[in-house]
Every structure is written in structure tokens, then in C-alpha cells.
Amino acid sequence: RLIAMATNKTDKVLNVPTLRFPGFTEEWQKSALGDICTVQMCKRIFAHQTSEVGDVPFYKIGTIGGIPDSYISKELFDEYRCKYNYPQQGEVMITCAGTVGKAIPFDGADSYFQDSNIVWLSNPTDKINNKFLYYIISRVDWSRLNSTTITRIYNDDLRKLGISYPNRTEQKKIADFLSLLDDRIALQSKLIEDLKKLKSAIRANIFQRLKNAPTHTKSGAELLLYEQPTKYIVEDYEYSSDKTQTPVLTANKSLILGYTSENFGVYDKGNCIILDDFTLDMKFITFPFKVKSSAIKILTTKCGVNLRFIFEQLQWMGLTPLGHNRHYISMVEPMQFYCPSIEVQRNIAQLLDKADDKLRNELQLLELLIKQKSFLLSAMFI
């Protein structure tokens, strides 16, 4: 249970967060980060000391927190770990270039890190719990360090960073609570990935069965109609975040680029597939929209063909673009599609649509969990 608490009995504003756990009333201490922690980095590793395979992962700003693409030898790692600075398990690592400010607790596994681009906060005192410090760093708006777009966090920026923190008991309670929420977010993300794999496996099984059965086939040109997007292209690229307006779509991963108040040239003819003619990325769309790119093809089906069934079959085919060329007419139209009866098509489409409904629900829950964490980070910290 959290309680709202921001003032004392004389209405003097205290240095306390908006939300606290019951039983904690002390004012939080203020400090510069450099008064508590020191900024450290690994010894420099040169390109000739790395390889694409090896014993110990070497993380750079683009791979930390993910899959490494470089390694160093165990001998070099043991030597450098012994001779030079090396993080302690739990200490907070920070990316200082590229995607700046990405914070990751060091998990203690044998690994090495790109000097100056990745630093960590050596925290030998008992003033701040490392887990609590991680959440402090996670909520910093690094763009406020200066008036220009920040491309690098310098050590001095970290040392001068002002922070506020409570006693160790309250720190632990806050950090443990947020860690539980992080675990729930990770579990939800894993569930979503598993559902995506399950749907993909079901789809593969269905179309493999159609492939092995004596199923009638037709070409894409016989099944599909396409429309050029010219009259649906948005004119003003200054998009809004107002979701009551018309979405502007792209066929790639992001899908919705933003929203527009333009009420002309809106595609509102019903369900369709939007296909990027160059990348072959595609999305199944069920709502009115506008597009940004002239590379989009808007696909519908001819009479007696289920659009969702064709979309899922296209997904199963896993189309690969051949260079930076337009592909629909040269690749998709000549392709042969399996065409069982319209009833079978409809049943397959409904089954896979239900899987997508489940995915959408779980994605919405993940979004809510992330928003909840964002709110708590703003309300439980100063």
C-alpha cells in the first residue's frame, strides 16, 4: 500500500516524493552522485583483440543488454580483470554514447565492456542500495543536461547529477517493490513472445498441410486487387499524438507513425493489406487510415477469396526482397497460393485471428504495466 505525502504539519514542502510506503516520514537527503559513487570504465580493448567467436563476451553500446557480437580471450579477460577496474555484481552500468542513458545492473557474469562508451557507478559506501540507484538512473531525463540534442554523457555529467534518497530501509522497500513489477513485465514479455511462436507454429502447420494435400492453387493476380496509395498520402508530416484523429500508417514494425487531422483522402473501404513494395513488410488493417509513402500497395481480394486467409499465407511464405526494387507485380502477382474452399479459408482465418486477439490483449496488458511503472518512477522518486 502506498500513501500520498508531500508536506509536513506546517505545510512547508519537504524533500519527499508524492507517494511513499506507510511508516516513512523522514525527509530525503540530497547529494551529487559523485559524492557517493565514482564513475569507472574498463581498460580499452582494441579491435585486433576481439573476434566474432571466443570465450568472454565483449559488449558495446549497441549490444549491452542483448546478444554480443564480439568476444575476447579468457586469458586477456583474466589479466584485465585482475589489473584494472572491473564492476561488482549489482553495480549500475550506463551507456554514454549512441542510445545514451541506458541503465543495466551488472549481472556478475564474465564479460567485458567498451571503455568510455559504457561506464559503471562504483558504489563502495552503504548510503545507496545499488538496486535503488538503478531506478534513480533509469528515470533521468538526459536531454536536460544541455539545450542541444545530447549525443554523449560525460563523466562530469554523472558526477554532478543531483539525486535524492531516503534511508536504506525505505530504499530497499521501494527497490524490491519495483523489482517485482519488473519481473511481472519480463514475464508478460516472455508470454507475448511465446504466443507469437505458438501462432507461427500453428500457421506453419496449417499451410504445410495444405501444401501436402491436393489443394487447388491460383496466382496472386487471380486472387488479389491492388490500389496505388497516391490519394491517401498525408500532406502534413507534423503528426499529432491525438488518437481520435486519423492514423498515418507504414507497413513496417512501427505501423502507426502518428495521427493527422486531415479529413480528406482517407482510406475507409474496409479491411485491406498494406504492403511496402520495396521491403515486402505488410500489415492487415481493419480501420480507416492515411499513409506516408508512395511505396505502399493497398491490397484487397477478388470475390470468393478471404483476405485474412491470403494475408496469413503471405506471412507463412516469408517473402524476401530482392534488392531495392518494387516487388508486388514481379513477385507477388505470379506466386501460386493454396486455395481451398471459401469455408475452409474462413475457418483458418478465424482461428488465426483469435490467436491475434489473444496477442493484442496481452500486448495491451504489457503497455499498461509499462505505464504503471513509468507513473511509479515519477511519483516515488524526487
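Since this is a predicted model, take the numbers as computed values, not measurements.

**As for helix H2 (residues 130-138)**
- Of all the residues in H2, the buried ones are Phe132, Leu133, Tyr134, Tyr135, Ile136 and Ile137.
- On the buried face of H2, the contacting elements are strand S7 (92-95), strand S8 (103-105), strand S10 (118-122), strand S11 (162-165), helix H4 (168-212) and helix H8 (342-379).
- If you check the start of H2, you find a side-chain oxygen 2.6 Å away from the backbone N of Lys131, and it comes from Asn129.

**A word on the packing of H4 against helix H6 (residues 307-317)**
- Packing of H4 against H6 leaves a shortest axis separation of 10 Å and a crossing angle of 100°. With respect to H6, the axis of H4 lies roughly perpendicular. For the pair H4 and H6, the contacting residues are Lys199, Arg203, Ala204, Phe207, Gln208, Leu210 and Lys211 in the first and Arg308, Phe309, Glu312, Gln313, Gln315 and Trp316 in the second.
- When grouped by side-chain class, the residues that make up the contact of H4 with H6 number five nonpolar, three polar and five charged.

**Brief notes about the nonpolar core**
- Counting 43 residues, the largest nonpolar core has Leu33, Leu121, Phe132, Ile137, Leu158 and Phe381 as the members making the most contacts within it.
- Those elements that provide at least two residues to this core are S7, S10, H2, S11, H4 and H8.
- Ranked by residue count, the leading element in this core is H4, at seven residues.
- For Leu121, the contacting residues outside a window of four places in its chain are Leu33, Cys37, Thr38, Val39, Glu91, Val92, Ile94, Leu133 and Ile137.
- The next biggest cluster of nonpolar side chains, apart from the first, holds 27 residues, and it includes Met282, Leu307, Phe311 and Met331.

**With respect to the packing of aromatic side chains**
- Going through the model one piece at a time under the given rule, you end up with 21 aromatic pairs.
- Pairing Tyr80 with Tyr84 gives two aromatic rings, centres 5.2 Å apart and planes at 85°, and the pair type is edge-to-face.
- In this structure Tyr80 comes out as buried when scored by relative accessible area, which is 10%.
- Accessibility expressed as a relative area gives 34% for Tyr84, which makes it partly exposed.
- With a centroid separation of 6.1 Å and an interplanar angle of 55°, the aromatic rings of Tyr80 and Tyr112 are classed as tilted. Remark: Tyr112 occurs in strand S9 (residues 112-113) and Tyr80 occurs in helix H1 (residues 74-83); sequence separation between them is 32 residues.
- Here Tyr112 falls in the buried class, since its relative accessible area comes to 0%.
- What links up through ring pairs into an aromatic cluster is the set Tyr59, Phe77, Tyr80, Tyr84, Tyr86, Phe106, Tyr112 and Phe113.
- The cationic tip of Lys43 hangs over the ring face of Tyr84; the distance from NZ or CZ to the ring centre is 5.0 Å.
- Of note, Lys290 hangs over the ring of Phe264, and the distance from its end group to the ring centre comes to 4.5 Å.

About the cut-offs
Residues numbered from 1 in each chain as written. Predicted model: local features only at pLDDT ≥ 70, side-chain atom pairs only at ≥ 80, totals over all residues. Heavy atoms only, no water. Buried < 20%, exposed > 50% of the residue type's maximum accessible area, 1.4 Å probe, protein only. Helix = DSSP H or I, 4+ residues; strand = E, 2+ residues; numbered from the N terminus. Contact = heavy atoms within 4.5 Å. Polar contact = N/O pair within 3.5 Å; in protein donor to acceptor, adjacent residues only side chain to side chain. Axes fitted to C-alpha atoms, helices over the stretch in contact; angles between N-to-C directions. Parallel < 35°, antiparallel > 145°, perpendicular 65-115°, else oblique. Nonpolar A, V, L, I, M, F, W, Y, C, P; charged D, E, K, R; others polar. Core = buried A, V, L, I, M, F, W, Y, C linked by side-chain atoms within 4.5 Å. Phe/Tyr/Trp six-rings, centres within 6.5 Å; stacked < 30°, edge-to-face > 60°. Lys NZ or Arg CZ within 6 Å of the ring centre and 35° of its normal.

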